[in-house]
Structures are given as C-alpha cells and as structure tokens.
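As a plain string of letters, each chain reads:
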Amino acid sequence: MSATTFEGSYLGDATRLPADARLECKICWWVYDPAMGDPQWQVPPGTPFTALPAHWTCPQCEGRADQFMVVDGR
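Residues numbered from 1 in each chain as written. Predicted model: local features only at pLDDT ≥ 70, side-chain atom pairs only at ≥ 80, totals over all residues. Heavy atoms only, no water.

Asks: What exactly am I supposed to notice about the sheet that holds strand β1 (residues 23–25) here?
Replies: Within a sheet, adjacent strands bond to each other through the backbone by hydrogen bonds, running parallel or antiparallel. If you walk across this open sheet you meet the 3 strands as β2-β1-β3, and the pairing is antiparallel. Whereas interior strands pair on both sides, the edge strands pair on one side only; in this sheet they are β2 (31–32) and β3 (68–70). One ladder, built from 2 bridges, connects β1 with β2; its direction is antiparallel. From the neighbouring strand, E24 faces β2, where its bridge partner is V31. (Pairing = 2+ DSSP bridges. Helix = DSSP H or I, 4+ residues; strand = E, 2+ residues; numbered from the N terminus.)

Asks: Can you help me understand the environment of D20 in this one?
Replies: Positionally, D20 belongs in the segment before β1. Using a relative accessible area of 43% as the deciding quantity, one classes D20 as partly exposed. (Buried < 20%, exposed > 50% of the residue type's maximum accessible area, 1.4 Å probe, protein only.)

Asks: What is the right way to read the environment of A14 from this model?
Replies: On the secondary structure map, A14 appears in the segment before β1. Exposure remark for A14: the relative accessible area of 9% places this residue in the buried category.

Distances and angles like these do not, on their own, reveal function.
Here is the structure:
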C-alpha cells in the first residue's frame with residue numbers, strides 16, 4: 001500500500017478508509033465509487049480507492065489521488 005495522503009479525509013491515514021469508501025475530487029467534484037470502478041483507467045468494479053495504481057488520476061481533470069476527499073453518506 002502506498003503512503004498516499006488524503007487531505008481532509010481520515011487525517012491522511014489510508015488504512016482507515018473502508019473498501020467501499022466513495023471519494024470526491026476536490027477540484028472537479030467527480031466521485032470515485034468502488035462499486036463502479038473507473039472505465040477510463042480500466043479499473044474494474046470492486047476496486048477500493050486505496051488499491052488504485054500509483055499513476056491513477058481523476059478521469060475528468062487529472063487531479064492526483066491525494067486531491068480526493070471522502071464523501072459522507074451512501
């Protein structure tokens with residue numbers, strides 16, 4: 001697992017993110033939902049945010065993974 005910092009989410013501790021956590025890009029508001037995966041990056045459904053490849057970026061604005069924050073609620 002990488003040492004990714006999630007600004008404003010779980011105090012930067014990726015180990016506290018549940019596998020089904022949805023995260024939102026703080027630049028363009030696109031939401032990564034593990035249930036959907038990311039077709040643009042060929043990330044299959046069921047892939048937790050913490051398991052995304054190190055080079056993964058937001059498919060809408062190319063924001064880095066550390067620019068994502070946890071979405072409250074489901």
